[in-house]
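# Architecture at a glance
What follows is the residue order along each chain.
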Amino acid sequence: MAVHQRKSGNKKKSVDDKELNKDNKKNDETNERNFESLSSKIPWRKIVTRFMLSLLMIFAVYWTSKKEDFHVFASQKDRIQLTSAQVSCSPAYKKDISKFNDCVPKHCGRLVTDIVVTPEEAAHLLRVSKKGLAFGGSSGGASILDLHSGALSYDSSFINIYEKIKAHGTNKIFTPEDFKVYRSVGMQQVNSIIEEERINLRGKNKKK
């Protein structure tokens with residue numbers, strides 16, 4: 001009886017092993033079909049093509065950037081006496097000077113100099129701007145303060161800073177020295193442009 005039971009157990013185990021092998025084989029076949037189906041759906045040709053195009057663009061940008069010879073017009077680390085360059089005027093400016101013969105100058109350019117405004121004047125104007133911008137400030141982008149007209153950026157519009165100061169019950173925000181430095185720096189800039197462009201106030205260029 002013991003031998004008969006052992007044979008029955010071995011037979012049952014053999015059947016189970018066969019069923020397990022069949023299941024494993026089916027799973028392997030299913031996984032293989034799924035992999036083949038997934039591989040057929042992936043656009044390998046497009047992926048490879050785009051990858052090669054990306055590499056080509058990166059190489060082209062790198063190569064051209066090495067070949068270009070950039071000219072520094074004005075470096076921040078240098079103290080520049082005076083440097084200038086002519087540029088094309090905007091269409092709107094060209095239209096204006098064609099209507100009004102006395103408009104000057106007749107050409108456009110860039111002028112960079114570190115000798116028009118002294119470091120002390122720049123520091124003074126910075127203090128003035130901080131005092132004024134404390135009453136307003138743009139909600140986005142650059143904030144503008146014009147002591148001549150009183151225009152001050154406030155959120156997305158402009159207000160009059162002098163009216164704002166008056167509403168606070170004080171008129172001692174800006175000192176006479178503040179306005180003196182403001183006017184002096186403004187005139188220095190105007191005079192440097194007049195001298196560089198050889199302009200007189202009657203609209204005629206000075207002789208060189």
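The text that follows walks through the structure, step by step, so that each part is easy to find. Remember, predicted model here, so these are calculated numbers, not experimental data.

Our next topic: the side chain of aspartate 178. Along the chain, aspartate 178 turns up in helix α6 (residues 176-197). Among the polar contacts made by the side chain of aspartate 178, one reaches the main-chain amide nitrogen of threonine 175 at a distance of 2.9 Å. Apart from the residues within four sequence positions on either side, aspartate 178 is in contact with His124, Val128, Lys131 and Ile173.

The next subject is the nonpolar core. Within the largest apolar cluster, eight residues are counted, these being Val128, Phe135, Leu147, Leu152, Ile161, Ile165, Ile173 and Phe174. Every residue in contact with isoleucine 173, bar those within four places of it in the chain, is listed here: Lys131, Phe135, Ile165 and Asp178.

Counted according to the given criterion, the structure contains one disulfide. The disulfide partner of cysteine 89 is cysteine 108, and the S-S distance across this bridge is 2.1 Å. Where cysteine 89 bonds to cysteine 108 through sulfur, the torsion about that S-S bond is close to 115 degrees, and the disulfide is right-handed. You can see cysteine 89 sitting in the loop between β1 (83-87) and α3 (91-99) and its partner cysteine 108 sitting in strand β2 (residues 108-112), a full 19 residues away along the chain. Grouping residues by exposure puts cysteine 89 and cysteine 108 together as buried.

We now examine unusual backbone geometry. The residue aspartate 155 is not glycine, and still its phi comes out positive at about 60 degrees. Here aspartate 155 shows up in strand β4 (residues 151-155). A residue is classified by how much of its surface remains accessible, and aspartate 155, at 46% relative accessible area, is partly exposed.

Relative to each other, helix α4 (residues 119-133) and α6 sit at 120 degrees, their axes nearing to 10 Å. In terms of axis orientation, α4 runs oblique to α6. In the crossing of α4 with α6, the sense of the turn from one axis to the other is left-handed. In this structure, α4 contributes Glu121, His124, Leu125, Val128 and Lys131 to the contact, and α6 contributes Glu177, Asp178, Val181, Tyr182, Ser184, Val185 and Gln188. Of the residues contributing to the contact of α4 with α6, the split by class is five nonpolar, three polar and four charged.

Another aspect to go through is the pairing of strand β5 (residues 157-160). Both β4 and β5 contribute to a ladder of four bridges, which runs antiparallel. Its bridge partner lying in β5, leucine 152 is registered against isoleucine 159. Counting the residues that bridge the hairpin from β4 to β5 gives one residue.

Now for the sheet that holds strand β3 (residues 137-138). On the basis of which strands lie adjacent, the open sheet formed by three strands has the order β3-β4-β5 and mixed pairing. With one partner strand each, in any of the chains shown, β3 and β5 form the two edges of the open sheet. Direction of pairing for β3 relative to β4: parallel, over a ladder of two bridges. Within β4, the position partnered with serine 138 by the bridge is aspartate 155.

Rules used throughout
Residues numbered from 1 in each chain as written. Predicted model: local features only at pLDDT ≥ 70, side-chain atom pairs only at ≥ 80, totals over all residues. Heavy atoms only, no water. Helix = DSSP H or I, 4+ residues; strand = E, 2+ residues; numbered from the N terminus. Polar contact = N/O pair within 3.5 Å; in protein donor to acceptor, adjacent residues only side chain to side chain. Contact = heavy atoms within 4.5 Å. Core = buried A, V, L, I, M, F, W, Y, C linked by side-chain atoms within 4.5 Å. Buried < 20%, exposed > 50% of the residue type's maximum accessible area, 1.4 Å probe, protein only. Disulfide = S-S within 2.5 Å. Axes fitted to C-alpha atoms, helices over the stretch in contact; angles between N-to-C directions. Parallel < 35°, antiparallel > 145°, perpendicular 65-115°, else oblique. Left-handed = near helix turned anticlockwise from the far one by under 90°. Nonpolar A, V, L, I, M, F, W, Y, C, P; charged D, E, K, R; others polar. Pairing = 2+ DSSP bridges.

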